[in-house]
Amino acid sequence: MTAIKTNSGNYFEDFKLGLVMRHATPRTVTHGDASLYMALYGPRFAVQSSTAFAKAIGYSDAPLDDMLVFHVVFGKTVPDISLNAIANLGYADCRFIKPVFPGDTLSAVSEVIGVKENSNGETGTVYVRSTGRNQHGDEVLSYVRWVMVRKRDKASPPPAPVVPELPGRVSPNMLGSAVPTVGRAKYDTALAGSRYLWDDYAVGEKIDHVDAMTLEEAEHQMAARLYQNTAKVHFNQHTEGKGRFGRRLVYGGVVISLARALSFNGLANAFHLAAINGGRHVAPCFAGDTLYAWSEVLEKSEIEGRTDIGALRTRLVAVKNQDCAAFPYKTPAGEYADGVVLDLDLWLVLPR
Amino acid sequence: MTAIKTNSGNYFEDFKLGLVMRHATPRTVTHGDASLYMALYGPRFAVQSSTAFAKAIGYSDAPLDDMLVFHVVFGKTVPDISLNAIANLGYADCRFIKPVFPGDTLSAVSEVIGVKENSNGETGTVYVRSTGRNQHGDEVLSYVRWVMVRKRDKASPPPAPVVPELPGRVSPNMLGSAVPTVGRAKYDTALAGSRYLWDDYAVGEKIDHVDAMTLEEAEHQMAARLYQNTAKVHFNQHTEGKGRFGRRLVYGGVVISLARALSFNGLANAFHLAAINGGRHVAPCFAGDTLYAWSEVLEKSEIEGRTDIGALRTRLVAVKNQDCAAFPYKTPAGEYADGVVLDLDLWLVLPR
Amino acid sequence: MTAIKTNSGNYFEDFKLGLVMRHATPRTVTHGDASLYMALYGPRFAVQSSTAFAKAIGYSDAPLDDMLVFHVVFGKTVPDISLNAIANLGYADCRFIKPVFPGDTLSAVSEVIGVKENSNGETGTVYVRSTGRNQHGDEVLSYVRWVMVRKRDKASPPPAPVVPELPGRVSPNMLGSAVPTVGRAKYDTALAGSRYLWDDYAVGEKIDHVDAMTLEEAEHQMAARLYQNTAKVHFNQHTEGKGRFGRRLVYGGVVISLARALSFNGLANAFHLAAINGGRHVAPCFAGDTLYAWSEVLEKSEIEGRTDIGALRTRLVAVKNQDCAAFPYKTPAGEYADGVVLDLDLWLVLPR
């Protein structure tokens, strides 16, 4: 008899502490991906949009959008990590370390850094650090995520619980390595779309990004396939139609990318997403939902050794089917308000 | 208190005669954009489709579709010019001056060349000349459009009215600068898809382009985002659903590009759109509408100093949910017939 | 009076035995097309996905997906061959001869190799061999297809019937010319996504590819336009809505590409589609249908002179709105089971 050759994914028992997984499939990212990224979300940050602008301020070429890099690396981890996941519980310590340019080839490796069985004996939480590298072996992205995964066999004994210590936020001095020394004199704020630079933002400031985007099935499916993300819930109406929501689920990364693109209106010079300190998909999104977004400045920080750029820590909130003039977030009881779908804690980099 | 950082667009009072606006965001156009343009509209003109064909007749590379260049330049002008526009009233003197190739970076500048307050004191007409340039500063596209814009304050005094004089049609001798001297011996009409060249068309000839395309939400949204066009009406079902049409409005440029792509069937050698003499979006289009198109030859002209190419002035009419066998256009009373959505006056360039 | 310039396609009488048609429009395929192909189907084969992986095993660059090449060549033949076709009857002897890389320009030529009028005197079967070539004139793809075409005039006399002899399957020794000598030591099975190579598969083995994809109108329209396929049934809801199915028909090639992409899960190392021995679109597909797929190994063969790669002949079956755990295929009476939409006989190439 021949071996079963179809990947059925890993179960909780398979995630031994220290296990290292080299994920398939390496992926060369190109101008074609950059164009699709633009068609799917509509970002307008000048550095990623224009080779001429990027070169003028010190890049060797226009880098790809940071979230495109995230999605491609994330997509590779799905078949090994989250095929049998019940829930994507969280992200932490996500750092964009080096710029990625058209022509670069991305690959991904994950290491199990924590495991903890749940008291029901049926599931457990797995913590992995995933690292994306370019064709030279340089780290371009690194992040921790934790997922709840089914056990294969309820009777198997629980592993010794290990929960990794994770930073509440990335240290500001670890930011900015993906940004060359910005020739400020060459940074043309008219072309970039706003005169407001790092110095112009204040802690506590809230920005309604005003614009909105309605999601379509064809769009989120094309996005997830572009990232070679194979999670079945995004693609199979035949089974999802009979499932909990009756519909295909939009990949959470699509929501992040749309919110980030919308944030241009109010944060036009925040061209680099340097870190995701933490984040949560508060509620699912479906085709037909209209997404709005708003930001709040949580913290401002200089970056050691850099006088050209500064870091802005923001909360990026996406809301569906409701505008953000009132900055919807949480109820007095501390629960997320109706309509809130995404709550991200970010470090953005802006010229000073 | 910090400044409001979200762009709320310009109002009628902001458009002072002579005002020059350098628009955000510069945009490098690539093979990725060319592929998306093909996927969205299905053009088949050989010069834009094949590097080998383009080089054989004298181009340095396959140029991008003229309308792709138009959309990218137009998209940049939206946040500054038409965010508070009530209506896009017209186009004139639109000339495609230089070819644009993958890798070129486009930027746009507009100058206010006319202003005229309406008698209601609430709105006014603004005339702008918008110019698209490549990374070398060369003009690649120039056109005039006029829009009706809201006043910020009804009480503000009207400006001295200035209405620019605009040509009824672009002079034929200004056409063709974007086309190299075409090596006619190398122009392979079998590969181009038709044996009919400039000499074969007659004034008064009408051509039913036969084919048709049904519009989808995902398609027109991806198109408009690809051009970084931020007009809210194309993207926000949450508000548009409660609006006048109950639906998102398809960007008019999508209709132009589809009609132009359909016109291949009957005008296969008209590979270059040299000018838009004038045009009007007669009625709105929505997802689910099926577009047909027909053309009429209005004028034929030689181009001074060029024996390789000639110019054909055509009316390009797009019609929805109705075929064009009967060339639907206007009623005996001079009104547009039901179903007509687009009426464009073009200069096309063909080999002789 | 001027000539009718719109292509109305060829009728049965136009297809004289030996007639050679050079099809419009040549098409340069690029990274943009590769990205769209990925967004539309989600393939994960490492060779096409990663320049670094492809180069490591001996390619000069990452080749384009074989089916993308097929679709582009096929699309060119539509206006000349199948515009008046009633049915696409079959394929045979389809060989992928040379790899195609981004930047190559594809053109297509077809020769009529068989004609046979049907007894009703209204239609006939036309057999053509279509050949795709790159810009150097090298054959990259060659296949035979036969279609049922309407006669222009029922009274025209039938031609002498000629039915070409076609191989039941491509000889294994004609396979593999598109694959360089694979440096097996450099072929990284972890990156490729599976440890199962040619030697691990057995004749009779069936593989349920498990995953599934739901079709959307915008997706299949974008796909068909990307291939410049002009068959009206894919694009015109206005007429198709009144037709036999009440809906637009999904281009059969979309179904093939989706099934092939789904087959990665179980055949991850079958990176090259070397030949289509025969195939049939068993039933039409529409937007909203969810596609599943399964494969059966029909034959294993070495390839003369190649110790690096071997050939696997498989049946690839696509099924709609039904999973493939039970390998749905034919009824005891020999008819296709409900839900089966595609039955292809393929030669795949895998490393040994």
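So, how was this worked out
Residues numbered from 1 in each chain as written. Chains lettered and ligands numbered in written order. Predicted model: local features only at pLDDT ≥ 70, side-chain atom pairs only at ≥ 80, totals over all residues. Heavy atoms only, no water. Helix = DSSP H or I, 4+ residues; strand = E, 2+ residues; numbered from the N terminus. Rg over C-alpha atoms; globule rule 2.2 N^0.38 Å. Buried < 20%, exposed > 50% of the residue type's maximum accessible area, 1.4 Å probe, protein only. Contact = heavy atoms within 4.5 Å. Areas by Shrake-Rupley, 256 points an atom, 1.4 Å probe, with all protein chains shown as cover. Buried area = accessible area lost by both parts, 1.4 Å probe. Salt bridge = Lys/Arg side-chain N within 4 Å of Asp/Glu carboxyl O. Polar contact = N/O pair within 3.5 Å; in protein donor to acceptor, adjacent residues only side chain to side chain. Nonpolar A, V, L, I, M, F, W, Y, C, P; charged D, E, K, R; others polar. Bend = angle between axes of the 7 residues up to and from the residue. Least-squares fit on C-alpha atoms with pLDDT ≥ 70 in both. Phe/Tyr/Trp six-rings, centres within 6.5 Å; stacked < 30°, edge-to-face > 60°. Lys NZ or Arg CZ within 6 Å of the ring centre and 35° of its normal. pLDDT = per-residue confidence, 0-100. Pairing = 2+ DSSP bridges. Core = buried A, V, L, I, M, F, W, Y, C linked by side-chain atoms within 4.5 Å.

Colleague: Describe the overall build of chain A, with residues and values.
Modeller: Looking only at helices and strands, chain A features eight helices and 12 strands. On C-alpha atoms alone, chain A measures out to a radius of gyration of 20 Å, which is about the 20 Å that the 2.2 N^0.38 rule sets for 352 residues. Projecting the C-alpha coordinates of chain A onto the three principal axes gives extents of approximately 65 × 45 × 35 Å. Here chain A holds 352 residues, and the buried ones make up 65% of them. Residue pairs at least 24 apart in sequence account for 79% of intrachain contacts in chain A once pairs closer than 6 positions are excluded. Here chain A displays about 12,100 Å² of accessible surface, and carbon together with sulfur accounts for 50% of that area.

Colleague: How would you sum up the interface of chain C and chain A? Please name residues and give values.
Modeller: Counting from both sides, the interface comprises 47 residues of chain C and, opposite them, 34 residues of chain A. Summing both sides of the interface, chain C and chain A together bury roughly 3,200 Å²; the carbon and sulfur share of this comes to 57%. Contact with chain A buries area across many residues of chain C, yet C:Ala39, C:Arg44 and C:Leu191 alone supply 18% of it, more than any other trio. In this assembly, chain C and chain A are joined by five salt bridges. Along the contact surface separating chain C from chain A lie 27 residue pairs in polar contact (both at pLDDT 80 or more). Mapped by element, the contributors of at least two residues to the side of chain C that touches chain A are helix 1 (31–41), helix 2 (46–49), helix 3 (51–57), helix 5 (189–192), strand 7 (206–208), strand 8 (213–214), helix 6 (217–226) and strand 10 (290–303) of chain C. No other element matches the eight residues that helix 1 of chain C contributes to the side of chain C that touches chain A. Along the lines of polarity and charge, the residues of the side of chain C that touches chain A split into 24 nonpolar, 14 polar and nine charged.

Colleague: Tell me about helix 4 (residues 66–82) of chain C, and name the residues and values.
Modeller: Residue and element names in this part refer to chain C. A maximum bend of about 35° is found in helix 4 at Lys76, where proline Pro79 lies one to four positions downstream. Burial analysis of helix 4 places 16 of its 17 residues in the buried class, which makes it a mostly covered element. Where helix 4 begins, the side chain of Asp65 points an oxygen toward the backbone nitrogen of Met67, at a separation of 3.0 Å.

Colleague: Provide a residue-level description of the interface of chain B and chain A, including the pertinent values.
Modeller: Each side of the interface is counted separately: chain B has 34 residues, and chain A has 47 residues. Together, the buried faces of chain B and chain A total about 3,200 Å²; carbon and sulfur atoms form 57% of this surface. The interface formed by chain B and chain A holds five salt bridges in total. Viewed at the interface, chain A and chain B are joined by 27 residue pairs in polar contact (both at pLDDT 80 or more).

Colleague: How would you sum up the environment of B:His238? Please name residues and give values.
Modeller: Along the chain, B:His238 turns up in helix 7 (residues 237–240). In this structure the C-alpha to C-alpha distance between B:His238 and B:Arg248, which are 10 residues apart in sequence, comes to 9.2 Å. When sequence neighbours within four positions are dropped, the list of residues in contact with B:His238 reads A:Thr214, A:Thr290, A:Tyr292, A:Asn321, A:Gln322 and A:Asp323.

Colleague: Which residues make up the relation of the copies chain B and chain A, and what are the values?
Modeller: Expressed as a screw transformation, the operator carrying chain B onto chain A has a rotation angle of 120° and an axial translation of 0.0 Å, and the superposed copies differ by an RMSD of 0.0 Å. Such a turn and shift between the copies fits a three-fold axis. Among all residues of chain B, the minimum C-alpha distance to the rotation axis is found for B:Gly32, at 2.2 Å. The two copies present different faces, since only 12% of the interface residues in chain B are matched by interface residues at the equivalent positions in chain A.

Colleague: Requested: an account of the packing of aromatic side chains, with residues and values cited.
Modeller: Under the defined criterion, the tally for this structure stands at 47 aromatic pairs over all chains. Ring centres of C:Tyr329 and C:Tyr336 lie 5.8 Å apart, and the angle between their planes is 80°; this geometry places the pair in the edge-to-face category. Here C:Tyr329 and C:Tyr336 have matching classes, each one buried. Three or more aromatic residues joined by ring pairs form one cluster here, namely A:Phe70, A:Phe74, A:Tyr91, A:Tyr143, A:Tyr227 and A:Tyr251. The ring of B:Phe286 carries B:Arg247 above its face, with NZ or CZ at 4.1 Å from the centroid.

Colleague: Kindly report on the pattern of salt bridges, identifying the contributing residues and their values.
Modeller: Counting across every chain of the model gives 66 salt bridges over all chains. Put simply, B:Asp14 and B:Arg152 hold a salt bridge, and the shortest N to O gap is 3.0 Å. Within this pair, whereas B:Asp14 is found in the segment before strand 1 (20–22), its partner B:Arg152 is found in the loop between strand 6 (139–150) and helix 5 (189–192), the two being separated by 138 residues in sequence. On the basis of relative accessibility, which here comes to 24%, the residue B:Asp14 falls in the partly exposed class. The partner of C:Glu296 in a salt bridge is C:Arg315, with the nearest N and O atoms 3.2 Å apart. Within this pair, whereas C:Glu296 is found in strand 10, its partner C:Arg315 is found in strand 11 (residues 306–320), the two being separated by 19 residues in sequence. Here C:Glu296 falls in the buried class, since its relative accessible area comes to 16%. Via salt bridges that share partners, A:Arg169, A:Glu299, A:Arg313 and A:Asp345 belong to a single interconnected network.

Colleague: A description of the relation of the copies chain C and chain A should follow, citing residues and the corresponding values.
Modeller: Overlaying chain C on chain A yields an RMSD of 0.0 Å, the required transformation being a rotation through 120° with an accompanying axial translation of 0.0 Å. Mapped onto chain A, only 9% of the interface residues of chain C are again interface residues, and the two copies thus contact each other with different surfaces.

Colleague: Could you give an account of the confidence of the model for chain A, naming the residues involved and the relevant values?
Modeller: Looking at chain A, the pLDDT average stands at 96 and 100% of residues meet or exceed 70. ipTM for the predicted complex: 0.97, alongside a pTM of 0.98.

Colleague: Before we move on, could you go through the side chain of A:Ser257 and cite the residues and values that matter?
Modeller: All names here are of chain A. Tracing the chain through its elements places Ser257 in helix 8 (residues 252–262). According to the relative accessible area criterion, Ser257 is buried, its value standing at 1%. Side chain to side chain, Ser257 and Tyr37 meet in a polar contact 2.6 Å long. The contact partners of Ser257, leaving out residues within four places of it in the chain, are Tyr37, Tyr41, Met67 and His71.

Colleague: Account for the pairing of strand 10 (residues 290–303) of chain B, with residues named and values stated.
Modeller: Residues and elements named next belong to chain B. The buried fraction of strand 10 is high, at 11 of 14 residues. Relative to strand 10, strand 7 (residues 206–208) is paired through three bridges, and the arrangement is antiparallel. The partner of Asp208 across the bridge, within strand 10, is Trp294. Two elements, strand 8 (residues 213–214) and strand 10, share two bridges in a ladder whose sense is antiparallel. Residue pairing across strands places Met213 opposite Leu291, the latter belonging to strand 10. Both strand 10 and strand 11 (residues 306–320) contribute to a ladder of 12 bridges, which runs antiparallel. Across the sheet, the residue bridging to Glu296 is Arg315, located in strand 11. Counting the residues between successive antiparallel strands, the hairpin from strand 10 to strand 11 contains two residues, one of them, Gly305, with a positive phi of roughly 80°.

Colleague: Break down the pairing of strand 5 (residues 123–133) of chain C for me, citing the residues and quoting the values.
Modeller: All names here are of chain C. Summarising burial for strand 5: nine of the 11 residues are buried, a large majority. As judged from the 10 bridges shared by strand 4 (residues 105–117) and strand 5, these two strands associate in the antiparallel manner. Following the sheet pairing, Glu117 is matched in strand 5 by Gly124. Sheet topology note: the strand 5/strand 6 (residues 139–150) ladder contains 11 bridges and is antiparallel. Within strand 6, the residue paired with Gly124 across the bridge is Val149. Count of turn residues in the strand 5/strand 6 antiparallel hairpin: five residues, of which Gly137 carries a positive phi of about 85°.

Colleague: Report on the environment of B:Gly278, specifying residues and quantitative values.
Modeller: All names here are of chain B. Its location among the elements puts Gly278 in strand 9 (residues 272–281). For Gly278, a relative accessible area of 16% translates into the label buried. When the C-alpha atoms of Gly278 and Tyr91 are compared, they prove to be 5.1 Å apart, with 187 residues separating the residues in sequence. In contact with Gly278, other than residues within four places in its own chain, are Tyr91, Asp343, Leu344 and Asp345.

Colleague: Account for the nonpolar core, with residues named and values stated.
Modeller: Counting 189 residues, the largest nonpolar core has A:Phe70, B:Phe70 and C:Phe70 as its most contacted members. In this structure A:Phe70 touches A:Tyr91, A:Cys94, A:Phe96, A:Leu141, A:Tyr143 and A:Tyr251, once residues within four positions along its chain are discounted.

Colleague: Explain unusual backbone geometry to me, using residue names and the numbers behind them.
Modeller: A:Ala24 connects to A:Thr25 through a cis peptide bond whose omega is -10°. Structurally, the position occupied by A:Thr25 is in the loop between strand 1 (20–22) and strand 2 (27–28). Unusually for a residue other than glycine, A:Gln228 sits at a positive phi of about 55°. Among the secondary structure elements, A:Gln228 is positioned in the loop between helix 6 (217–226) and helix 7 (237–240). Of the residues examined, A:Gln228 reaches a relative accessible area of 4% and is grouped as buried. Phi is positive for B:Val210, which is not a glycine, with a value near 70°. Position of B:Val210 relative to the elements: it lies in the loop between strand 7 and strand 8.

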